[in-house]
Protein chains: 2
Amino acid sequence: MVRTVGVDLGGTNVRAALVDPATGSIVGSEVKRPVTDKQPEAVADLVAEVVRAADPKGERSAVGVGFAAMLRGFTGVVVNSPNFGWREVDFRGLLRARLGEQVELYNDLKAIAYGEVRWGGSGEARHVCFVFVGTGVGAGLVVDGRLDFGASHLAGEYGHVKVVPGGRLCGCGQRGCLEAYTSGRNIQLRAVEELRAGATSRAVELAGAVDKVHAGHLDQAAREGDAYATRLWDEVSGHLGVALANLVTTLNPSRLVMGGGVWHGCPELRRRTIDVFHAQANRPSLEGFTLVDSQLGDIAGVLGAATLAGSLS
Amino acid sequence: MVRTVGVDLGGTNVRAALVDPATGSIVGSEVKRPVTDKQPEAVADLVAEVVRAADPKGERSAVGVGFAAMLRGFTGVVVNSPNFGWREVDFRGLLRARLGEQVELYNDLKAIAYGEVRWGGSGEARHVCFVFVGTGVGAGLVVDGRLDFGASHLAGEYGHVKVVPGGRLCGCGQRGCLEAYTSGRNIQLRAVEELRAGATSRAVELAGAVDKVHAGHLDQAAREGDAYATRLWDEVSGHLGVALANLVTTLNPSRLVMGGGVWHGCPELRRRTIDVFHAQANRPSLEGFTLVDSQLGDIAGVLGAATLAGSLS
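Bear in mind that the values here come from a model prediction, so they are computed numbers and not experimental data. Along every chain, residues carry numbers that run from 1 in the direction the sequence is written. Each chain is given a letter, starting from A, and each ligand a number, starting from 1, according to the order in which they appear as written. Given that this is a predicted model, residues contribute local features only at a pLDDT of at least 70 and side-chain atom pairs are listed and counted only at 80 or more, while totals for whole chains, interfaces and linings are drawn from all residues. Each side-chain value is worked out from all heavy atoms of the structure, with water and hydrogens disregarded.

**Examining the pattern of salt bridges**
Defined as follows: Within this document, salt bridges are pairs made up of a side-chain nitrogen of Lys or Arg and a carboxyl oxygen of Asp or Glu, the two lying within 4 Å of each other. Secondary structure elements follow DSSP: runs of H or I of four or more residues count as helices, runs of E of two or more count as strands, with numbering from the N terminus. Burial classes follow relative accessibility: with a 1.4 Å probe on protein chains only, a residue under 20% of its type's maximum area counts as buried, one over 50% as exposed, and anything between as partly exposed.
For the structure on display, the rule yields 52 salt bridges over all chains. Note that R98 of chain B is salt-bridged to E41 of chain B, the shortest N-O span being 2.6 Å. Placement of R98 of chain B in helix α2 (residues 91-99) and of E41 of chain B in helix α1 (residues 40-54) is noted, with a sequence separation of 57 residues between them. On the accessibility criterion, R98 of chain B (22% relative accessible area) is partly exposed. Looking at E41 of chain B, the relative accessible area reads 46%, which means it is partly exposed. R126 of chain B serves as the salt-bridge partner of D144 of chain B, at 3.1 Å between the closest nitrogen and oxygen. Here D144 of chain B is found in the loop between β10 (137-143) and β11 (146-147), whereas its partner R126 of chain B is found in the loop between α3 (108-119) and β9 (128-133), with 18 residues between them in sequence. For D144 of chain B, a relative accessible area of 22% puts it in the partly exposed group. Taken together, the salt bridges that share partners define one network made up of D234, E268, R271, R272 and D275 of chain A.

**Some thoughts on the sheet that holds β10 of chain B**
Residues and elements named next belong to chain B. Operational definition: If DSSP finds at least two bridges between two strands, the strands pair.
Pairing is mixed across the open sheet formed by 5 strands, whose spatial order is β11-β10-β9-β12-β13. The outermost strands of the open sheet, each flanked by one partner alone, are β11 and β13 (290-293). With 4 bridges connecting them, strand β12 (residues 255-259) and β13 associate as parallel partners. By the bridge assignment, R255 is partnered in β13 with T290.

**A word on the relation of the copies chain A and chain B**
Quick reminder of the rule: The copies were overlaid with a least-squares fit restricted to C-alpha atoms from residues scoring a pLDDT of at least 70 in each copy. Residues count as neighbours in contact if any of their non-hydrogen atoms are within 4.5 Å of one another.
Its rotation angle being 180 degrees, the transformation that places chain A on chain B also includes 0.0 Å of axial translation and leaves an RMSD of 0.0 Å. Seen this way, the second copy is the image of the first under a two-fold rotation axis. Taking the C-alpha atom as reference, chain A places V143 of chain A closest to the rotation axis, 3.9 Å from it. Of all interface residues in chain A, 98% are interface residues in chain B too; the two copies therefore contact each other through one and the same surface.

**Focus on the confidence of the model for chain A**
Detailed reading of predicted coordinates is not advised where the pLDDT is low. To keep it simple, the criterion reads: Confidence of the predictor in every single residue is expressed as pLDDT, which spans 0 to 100.
Of the residues in chain A, 100% reach a pLDDT of 70 or more, and the chain-wide mean stands at 94. ipTM for the predicted complex: 0.93, alongside a pTM of 0.93.

**Side note on the pairing of strand β6 (residues 77-81) of chain A**
Residue and element names in this part refer to chain A. Extensive coverage of β6 is indicated by the burial of 5 of its 5 residues. Strand direction decides the pairing type here: strand β5 (residues 70-72) and β6, joined by 3 bridges, are antiparallel. Looking at the pairing, R72 lines up with V77 of β6. The antiparallel hairpin formed by β5 and β6 contains 4 residues in its connecting segment, where G73 sits at a positive phi of about 50 degrees. Where β6 lies against strand β7 (residues 86-89), 3 bridges are found, and the strand directions are antiparallel. Within β7, the position partnered with V78 by the bridge is V89.

**Considering helix α5 (residues 184-196) of chain B**
Residues and elements named next belong to chain B. The following threshold applies: Helix span is expected to be 1.5 Å times the residue number reduced by one.
Relative to the 18 Å expected for 13 residues at 1.5 Å per residue, α5 spans 18 Å between its end C-alpha atoms, a close match to the ideal helical length. Among the residues of α5, G184, N186, I187, R190, A191, V192 and L195 are the ones counted as buried. Where α5 is buried, its residues touch α4 (178-182), α6 (202-207), α7 (215-223), α8 (227-251) and α9 (261-265).

**Some thoughts on the interface of chain A and chain B**
Convention followed: In short, buried area is how much 1.4 Å probe accessible area vanishes from two parts on joining, totalled over both. Think of a polar contact as two N or O atoms within 3.5 Å of one another; within protein, one of them needs to be a possible hydrogen donor and the other a possible acceptor, and neighboring residues in sequence only count if both atoms come from side chains.
Counting residues at the interface gives 44 residues for chain A and 43 residues for chain B. Taken together, both faces of the contact between chain A and chain B bury some 3,300 Å²; the carbon and sulfur share is 49%. Per-residue buried area on chain A facing chain B is highest for Q174, T250 and N252 of chain A; these three make up 17% of the total on that side. In this structure, the connection of chain A to chain B is made through 4 salt bridges. Here chain A is connected to chain B by 26 residue pairs in polar contact (both at pLDDT 80 or more). Going through the elements one at a time, β5, β10 (137-143), α8 (227-251) and α10 (267-280) of chain A are the ones with two or more residues in the side of chain A that touches chain B.

See below:
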């Protein structure tokens with residue numbers, strides 16, 4: 001029976017498990033370790049360690065690693081990973097030197113998307129978009145049952161569609177990206193900046209201090225009618241709702257799966273975004289369509305990477 | 001040897017030819033007739049007539065018809081065709097009653113896109129987007145070598161992504177669509193409206209009369225430095241350039257093929273749009289990427305519909 005190891009490498013923790021890629025079930029137990037040293041060699045050592053811990057008997061035929069980074073083509077080279085501070089690192093090469101040739105590196109959101117779509121209740125849907133709104137923003141696109149990597153592994157870089165050309169600076173170096181307006185990290189940066197500059201909001205009380213304000217406090221404040229938070233949520237939900245509508249208009253999925261900490265943790269933002277989405281999507285594209293929350297939680301990336309790796313050997 | 005008939009049904013003319021779908025070559029001669037009566041039954045009679053004229057010996061195994069309409073799912077029902085004034089017409093049913101079961105109806109831009117991608121010099125590219133900017137605006141998306149229809153035949157309805165939520169009214173009934181700002185028809189409607197309301201432009205002289213102003217005159221006027229045309233082209237190229245950038249950021253094609261009368265007929269608009277596109281696309285997505293003009297001209301739709309129909313039988 002084929003077994004693969006799925007790894008989800010985040011900025012804080014790395015998780016791994018031995019998986020049956022034909023059923024999406026975990027064999028044995030999940031392994032989780034903190035990421036302390038962010039140097040490429042150290043991270044590669046850590047990944048090798050968790051892979052061996054998850055698969056002590058060496059049953060794996062391949063390893064799939066989901067990683068929060070923009071990758072170049074199918075070369076396994078990390079163009080840019082803001083979480084790790086890497087640019088142009090041949091991380092797949094470092095992993096293969098430790099674990100052999102049957103190792104593939106995937107963008108983390110593609111791995112999560114594939115896990116959610118295959119094993120998270122989307123059933124027989126063959127056209128599914130998964131959009132993640134958390135620390136970062138991105139998407140995974142399933143077209144006719146298959147994960148779309150695009151020509152060079154960059155399909156689904158939806159956090160970098162431009163919603164305000166020339167607008168706020170994004171971590172990618174360009175301006176006006178969806179992520180610059182709607183990611184948890186950028187919402188927090190912006191709110192702290194504006195609240196320090198004199199704006200007032202109930203969110204500061206809820207957080208205890210200006211510097212501690214995050215999207216969750218703003219959502220609570222908006223629910224309580226706070227003017228600053230309401231104005232900010234109007235803008236953020238406007239950008240996100242239109243962007244989701246445009247994605248569905250472009251790709252005509254039967255299902256849009258929404259995940260990420262900002263999405264799940266901010267019910268008021270979620271409600272407003274869904275309203276904008278329904279008003280702005282191409283109407284015929286909404287027939288037979290459903291928008292659902294992601295179901296698998298933290299294990300989606302491990303299952304997705306393992307399932308994708310199942311097609312390597 | 002398999003032969004199929006491809007039909008391109010436009011608002012003015014219908015074209016058809018017998019095609020070898022394995023090579024994209026026309027067998028015999030192309031047939032072209034004007035569309036006079038736009039009633040569904042009359043149009044279906046006309047299509048049956050040109051199919052029989054293109055294939056007098058009955059060599060076809062299937063017929064593919066490209067048609068300027070939004071279709072519902074794979075049912076062949078026309079939801080909406082502004083050119084023909086139809087809503088909710090089972091046009092495929094009318095065609096099958098005349099030509100047998102091996103008839104499929106495609107959105108015209110999907111047929112054109114597939115013809116261009118398969119037979120217009122895109123060679124081995126497996127991820128290609130085709131965007132048409134003519135009387136209307138739309139796209140065809142080729143993902144991993146296959147035309148993406150989406151869950152219900154609406155993938156690529158790119159004319160209806162929202163670029164100015166709540167903005168100008170579109171023919172689809174919603175507001176702020178890309179098509180409402182960038183199609184030849186809408187550019188003309190808007191310019192005539194603004195020029196009648198008091199705006200002045202060299203384009204009126206070039207056209208001979210306000211009511212005759214179209215995109216080509218505006219492009220000529222912009223090249224001559226006319227202030228009205230320059231301002232309008234700034235806005236139109238801004239919307240189109242950002243929309244193209246967002247499409248490439250989302251789907252990561254190795255090739256974007258641009259077609260349609262506005263694109264080919266307005267070099268100044270084209271130049272400005274390409275500048276905006278390059279500034280706004282996700283930068284890593286531009287590595288190994290090319291933007292090219294469509295090559296096949298009017299025959300693309302016939303070849304695309306015939307090639308798509310080749311997989312029916």
